[in-house]
Amino acid sequence: MLNSRLELDTLKKKALADIGSKEKRILVCAGTGCVANGSLKVFELFQQLLGEKPELAVSLALEKEHSHQGVSAHTSGCHGFCQMGPLVRIEPRGTLYCKVQPGDVAEIFEEHIINNRLVSRLLYHDDKNQLPIETQDEIPFYKNQFRVALANCGRIDPDDIKDYIAHDGYQPLAKVLFEMTPDEVIKEVLDSGLRGRGGGGFPTGRKWLFAREAGGEKKYIVCNGDEGDPGAFMDRSVMEGDPHRIIEGMMLAGYAVGADEGYIYVRAEYPLAVKRLHNAVETAVRYGMLGENILGSGFSFKVNIKEGAGAFVCGEETALIASIEGERGMPRPRPPFPAVSGLWGCPTVINNVETLANLPSIILKGAGWFSNIGVTTSTGTKTFALAGQVAHTGLVEVPMGLTLKEIVFDIGGGLRDNKVFKAVQIGGPSGGCLTREHLDLPLDYDSLQKAGAMVGSGGLVVMGEDTCMVEVAKFFMGFVQNESCGKCVPCREGTRGMLELLNRIANGSGTEEDLSLLEELALIVKDGSLCGLGKTSPNPVLTTLRYFRSEYEAHVRDKKCPAGVCKDLLDYRIDPSLCKGCGLCKKLCPADAISGERKEPHWIDLEKCIKCGTCISKCKFGSIVTN
Amino acid sequence: MDRKFERLQEIIESHGGRVSHLIAILQEVQEEYRYLPEEVLTYIATAMNISPATVYGVATFYTQFSLIPKGKYVIRVCDGTACHVRGAEPIHFALREDLALPKGDSTTPDMQFTVETVSCLGACGLAPVVVINGDEVHGQTTPESILGAVKKIVSREQLKENKNSSETGCCQNA
Ligand SMILES: Cc1cc2nc3c(=O)[nH]c(=O)nc-3n(C[C@H](O)[C@H](O)[C@H](O)COP(=O)(O)O)c2cc1C
Ligand code: SF4
Ligand code: SF4
Ligand code: FES
Ligand code: FES
């Protein structure tokens, strides 16, 4: 139990000394991705080896003091490079071992831990010259990143509050509690230029000011961890990898606006995040960092965790409030804004996870430091979830205003399998697509808005020439149509109508009138919907129509899908002159549509073929073709 | 009152019967019964002193809740953006074919498997992703790899079946 700022500082010094005294610190990634790849077994084996070498091992028990030399093993949160997992980081050198299998642990232990020699084969190898790269920071994927919100992810043990405290955790809170007035805190956040990372981009300081000025005894802080954009996972990573940072961010907001209670609303599909958050809240209470009279300052704060139940629209702030209150998560008109009348009618600040994760650093390092990162109207950093046909998928955090090219090619390593860049879809179902002509576009709130897209939550799907833009638009339209809460007719019926039109275009029965109809409907939905879901849902259609109209036209005029994706517009055939009769496609075809004798040319039964594309992607001789 | 409602009452009481906890209550109840039977919804409404329409409205609004029983193994194929572009569809198709799911149904007649799609599990770096029973995450899957996982489950179940071949009835432990 920490009763004063001094006690917090003492604990920090102790925790730091503890880390400093270790000769080596092994961090095994225990994020969702690496756990799925078996990292917990890897961690266990490290622990076991440490147990067999007591002279090396340092007790893992939480409260023990140890000043002797040693090695310790910990779990960490996601590094964002899950594709290369399970990842093992070894400090202080900052070595990153990739795709570590249980069978590799003994070698890492013997070589790296005991003999101080790198295990070269497990290091990341440069894409270009194939040379091993010694430290994590030098890997191209990380080199151009600038981590603020994700600073601790992969570097600390999310289940150990002392690790957080050692890395300056709860110092910002102590600073505001003992050195700053609430008004000064708000001014600092205003000056930093921080804008909401949940999609809207509203200045955080302004939002806080509204809530501070709103009357009433009871106020709430809500952390929006609903992360609805399918394909974005930055909020999950922070909740899993650095949960105390979110709690601290909420307390900073609470102190600034005069709230003493908060809710974290977590998406239903994130069981590990829920577990880590619960653990963090419990530990923080135990250490006196949550509860009554925190550090003897007189400030009290309580955090509750609410699990969502699977509805995208609940990410919208008024729907989220309804959901916390136990109701159906349907948006309601604003004003009143939640900052004036939110949870149970009380003034409520709703901030996104990533927004909150930036706050401790802003308070600690100052508004000036933060506003120097990025560009004038979009300060700081933004995380992006790189996905799709890019060589390195994963989570990256970069200064605002980096160009699309820098992100996709320098950090993402360009397209996989030597594909040619065609477009990116940015901002998920509310966002839009950008094309080759935007490669030099700086990614910030205002530039993106001008191009018809948006930062959104930061989902960034990279697409190669073999991606059909009609299919992409159809995919997102299907998503929003399914997720529309049904309250507004334009959203409910309009998205259904748009999806139908897109289906027709994709299956070859569309006409040119359908294209104009699609545009008309898009405008009706945009103008007639109550909440952001409906209002922004036509964006993917509108931007693909704007930048790839000829592709739509090919579907309706020539009944062709130029990218060779829309199934109804293509047939799979095996070119008998190329087929070697290896039988691989026959084995893999999920529809049993391929026949043929070994070493004889095979053929596809078009009646049975479901056009899944498996055969074409697996044939080693390129003998399967589409028309 | 049978045991079924006893446990129900316990869950409601552990939340102090608060209406704001309705979603959490339904989540726990569903965990217990694997779905939300109609009489359970009615019971909750009465016990919490709210209208059955309110409970029903909430239960049908959120995709997590199911008013029909699901299989013992719920296989969720991610069809979020990252997984979609990396080939989630063939995986979904292969599973449905392999388990011979009738058109329009997502659960096998023997109540062993349910196959659903979900929009993003947050493990997008490992696309395409499939999760079995909530926490068994399979990454970078292919139709073959996921059918292999299903096969393992099936043989494990058969083994169990053989072991307690004398036992009959339901596997639920509620
Ligand atoms: C349909 C819809 C879904 C949304 N989903 C999320 C979400 O998953 N996470 C989030 O933080 N904000 C989401 N938002 C934005 C929130 O309404 C709100 O603006 C945000 O949480 C405010 O936090 P910020 O100012 O820190 O960004 C969504 C908005 C809409 C219209
Ligand atoms: S715009 Fe769509 S999702 Fe939003 S409130 Fe209206 S119907 Fe619901
Ligand atoms: S496209 Fe799919 S269904 Fe058709 S032949 Fe190839 S593997 Fe079989
Ligand atoms: S889970 Fe390990 S890097 Fe993402
Ligand atoms: S899109 Fe499938 S896990 Fe995110």
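Refer to the structure above for everything that follows.
Here goes a summary of the coordinates provided. (Residues numbered from 1 in each chain as written. Chains lettered and ligands numbered in written order. Predicted model: local features only at pLDDT ≥ 70, side-chain atom pairs only at ≥ 80, totals over all residues. Heavy atoms only, no water.)

Let us look at the nonpolar core. Among the nonpolar cores identified, the biggest contains 100 residues, and Tyr170(A), Trp208(A) and Met289(A) are the most heavily contacted of them. The element best represented in this core is helix α11 (residues 243–257) of chain A, accounting for 9 residues. Dropping the residues within four chain positions of it, Met289(A) is found in contact with Leu2(A), Leu8(A), Ile161(A), Tyr170(A), Leu173(A), Met251(A), Ala284(A), Ile294(A) and Leu295(A). Counting residues in hydrophobic clusters, the runner-up holds 67 residues, among them Val222(A), Ala473(A), Ile505(A) and Leu8(B). (Core = buried A, V, L, I, M, F, W, Y, C linked by side-chain atoms within 4.5 Å. Buried < 20%, exposed > 50% of the residue type's maximum accessible area, 1.4 Å probe, protein only. Helix = DSSP H or I, 4+ residues; strand = E, 2+ residues; numbered from the N terminus. Contact = heavy atoms within 4.5 Å.)

Right, let's get into the site of ligand 2. Cys485(A), Lys487(A), Cys488(A), Cys491(A) and Cys531(A) are the nearest of the 13 residues found near ligand 2. Partitioning the shell around ligand 2 into residue classes produces 8 nonpolar, 4 polar and 1 charged. (Near = heavy atom within 4 Å. Nonpolar A, V, L, I, M, F, W, Y, C, P; charged D, E, K, R; others polar.)

Further remarks concern the packing of helix α19 (residues 489–507) of chain A against helix α20 (residues 512–528) of chain A. Residue and element names in this part refer to chain A. Relative orientation of the contacting elements α19 and α20 amounts to 160 degrees, with a least axis distance of 9 Å. Here α19 lies roughly antiparallel to α20, going by the angle between them. Helix-helix and strand crossings are classified by hand; for α19 and α20 the assignment is left-handed. Along the contact surface, α19 presents Pro490, Cys491, Gly494, Thr495, Gly497, Met498, Leu501, Leu502, Arg504 and Ile505, while α20 presents Asp514, Leu515, Leu517, Leu518, Leu521, Ala522, Ile524, Val525 and Gly528. Residues that form the contact of α19 with α20 fall into these classes: 13 nonpolar, 4 polar and 2 charged. (Axes fitted to C-alpha atoms, helices over the stretch in contact; angles between N-to-C directions. Parallel < 35°, antiparallel > 145°, perpendicular 65-115°, else oblique. Left-handed = near helix turned anticlockwise from the far one by under 90°.)

With that settled, consider the interface of chain A and chain B. Between chain A and chain B, the contact holds 54 residues from the first and 39 residues from the second. Of the roughly 3,500 Å² buried between chain A and chain B, counting both surfaces, carbon and sulfur atoms make up 58%. There are 2 salt bridges connecting chain A and chain B. Its salt-bridge partner being Glu269(A), residue Arg76(B) comes within 4.0 Å of it at the nearest N-O pair. The interface formed by chain A and chain B holds 14 residue pairs in polar contact (both at pLDDT 80 or more) in total. Ranked by the residues each element gives to the side of chain A that touches chain B, the list is headed by helix α18 (residues 469–483) of chain A, at 4 residues. Grouping the amino acids of the side of chain A that touches chain B by side-chain chemistry returns 28 nonpolar, 14 polar and 12 charged. (Buried area = accessible area lost by both parts, 1.4 Å probe. Salt bridge = Lys/Arg side-chain N within 4 Å of Asp/Glu carboxyl O. Polar contact = N/O pair within 3.5 Å; in protein donor to acceptor, adjacent residues only side chain to side chain.)

Let us look at the sheet that holds strand β1 (residues 24–29) of chain A. Neighbouring strands of a sheet are bound in pairs by backbone hydrogen bonds; such pairs are parallel or else antiparallel. Residues and elements named next belong to chain A. Strand order across the open sheet formed by 4 strands is β2-β1-β3-β4, with mixed pairing between neighbours. Either end of the sheet is taken by a strand with one partner, and the two such strands are β2 (71–76) and β4 (95–97). Neighbour to neighbour, the strand axes of the sheet diverge by 20 degrees on average, direction disregarded. The sheet contact formed by β1 and β2 spans 6 bridges and is parallel. The partner of leucine 27 across the bridge, within β2, is histidine 74. (Pairing = 2+ DSSP bridges.)

A word on the sheet that holds strand β4 (residues 136–138) of chain B. All names here are of chain B. On the basis of which strands lie adjacent, the open sheet formed by 4 strands has the order β2-β1-β3-β4 and mixed pairing. Strands with a single pairing partner mark the edges of an open sheet, and in this sheet they are β2 (113–118) and β4. On average, each strand axis in the sheet is inclined to that of its neighbour by 20 degrees, with strand direction left out of account. Of the strand pairs in this sheet, strand β1 (residues 73–78) and β2 are connected by 6 bridges, and their pairing is parallel. Bridging across to β2, isoleucine 75 finds its partner in valine 115. Against the sheet, helix α6 (residues 88–98) makes contact with β1, β2 and β3 (130–132), and its axis sits at roughly 155 degrees relative to β1, the strand it touches most. Against the sheet, helix α7 (residues 143–163) makes contact with β1, β2, β3 and β4, and its axis sits at roughly 175 degrees relative to β1, the strand it touches most.

The values reported here are purely geometric and, on their own, carry no functional implication.
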